[in-house]
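Spelled out from the first residue to the last, the chains are:
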Amino acid sequence: MSHDKLFQSAALLAVVGTLAGAALPAAAQSAGSVLVRVGATQIKPNVDSGDLSPPSLPGTKASVRSDTQLGAGLTYMVTDNIAVDIPIATPFTHELDGDGAISGVGKIGETKALPITVMGQYRFLDAKAPLRPYVGAGVTYAKFYKAQSTAALSGLTGGTPSNPTTLSIKSKFAATIELGASYTFNDRWFVDATVLHTFLKTRATLSTGQTLDMKLDPDTFALAVGYKF
């Protein structure tokens, strides 16, 4: 199943579940409740790329593509309104494309990314309200690994087939904010939708010694079906 189809299936499941259970009594998301969820998560970087350091063509930049993966999460209600939330997802694969002076060269690399996030949330309205909007703030450790370059990047930076240019991206801590809502449609089941924004800057380093600073500031979109214990 493609990433787009995965996200669309999760959305359809959430809508069908909501319509099917809308008339049923709401369950309390009260102090001591444990909420688990599973669905789809998309990360969309908002890239502001610096220039690749010399020796390089002035204005050599990079862009980063979005990716969608299986998402999940665990929430613990500390009080009726305050919660601790841990979003979970399978690792993302982000493709890097040439931009700026090298726009049009296509893919220059890719990297695996695993955001490890802990959020504090405030959930509005009464614990028994079926619809509960919430806001959150926390910290993300953005782990980048298995970065790979392409022949296009190697050719641009003087690499050869026998000695290609390699690529690494620095893992970083960053602040994250969140806006979401949870809708309970029977005594245990709910749907959850959330948008997160992470204030993330990082640096790519090539085996040539050249560096490229990037402000990624990704938005994360998640839609899930959940169960309350």
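The structure we're discussing is the one just above.
Colleague: Can you help me understand the pattern of salt bridges in this one?
Modeller: Pairing between side chains becomes possible if they bear opposite charge and their charged atoms approach one another. All chains considered together, the criterion is met by seven salt bridges. A salt bridge links Asp97 to Arg65; its shortest N-O distance comes to 2.6 Å. Linking Asp97 in strand 6 (residues 92-100) with Arg65 in the loop between strand 3 (60-64) and strand 4 (67-77), this pair joins segments that are 32 residues apart in sequence. On the accessibility criterion, Asp97 (11% relative accessible area) is buried.

Colleague: Is there a simple way to explain unusual backbone geometry in this structure?
Modeller: Most peptide bonds are trans, and most residues other than glycine sit at a negative phi. Residue Pro55 is reached from Pro54 by a cis peptide bond, and omega for that bond is 0 degrees. The residue Pro55 is located in the loop between strand 2 (48-49) and strand 3 in this model. Although it is not a glycine, Asp217 sits at a positive phi angle of roughly 35 degrees. Along the chain, the position of Asp217 falls in the loop between strand 13 (211-215) and strand 14 (219-228).

Colleague: Would you mind going over the pairing of strand 7 (residues 107-123) with me for this structure?
Modeller: Residues in a regular strand point their side chains to alternate faces of the sheet. Here strand 5 (residues 82-89) pairs with strand 7 via four bridges, running antiparallel. Within strand 7, the residue paired with Val84 across the bridge is Gly120. Sheet analysis places strand 6 next to strand 7, joined by six bridges and oriented antiparallel. Bridge pairing in strand 7 places Thr93 opposite Lys112. Counted along the chain from strand 6 to the antiparallel partner strand 7, the turn is six residues long, and its residue Gly104 has a positive phi close to 105 degrees.

Colleague: Looking at this structure, how should I read the environment of Phe190?
Modeller: Here Phe190 shows up in strand 11 (residues 189-199). Between the alpha carbons of Phe190 and Tyr227 there is a distance of 6.3 Å; along the sequence they are 37 residues apart. The contact partners of Phe190, leaving out residues within four places of it in the chain, are Gln29, Leu35, Val36, Ser182, Tyr183, Thr184, Phe185, Ala224, Val225, Gly226, Tyr227 and Lys228.

Colleague: Please explain the nonpolar core as it appears in this structure.
Modeller: Grouped burial of nonpolar side chains is what soluble globular proteins tend to show. Grouped together as the largest cluster of nonpolar side chains are 18 residues, with contacts concentrated most on Leu96, Phe144, Leu200, Ala204, Leu212, Met214 and Leu216. Once residues within four sequence positions are removed from consideration, Leu216 is found in contact with Pro45, Asn46, Val47, Val64, Phe144, Leu200 and Thr202.

Rules of the game
- Residues numbered from 1 in each chain as written.
- Predicted model: local features only at pLDDT ≥ 70, side-chain atom pairs only at ≥ 80, totals over all residues.
- Heavy atoms only, no water.
- Salt bridge = Lys/Arg side-chain N within 4 Å of Asp/Glu carboxyl O.
- Helix = DSSP H or I, 4+ residues; strand = E, 2+ residues; numbered from the N terminus.
- Buried < 20%, exposed > 50% of the residue type's maximum accessible area, 1.4 Å probe, protein only.
- Pairing = 2+ DSSP bridges.
- Contact = heavy atoms within 4.5 Å.
- Core = buried A, V, L, I, M, F, W, Y, C linked by side-chain atoms within 4.5 Å.

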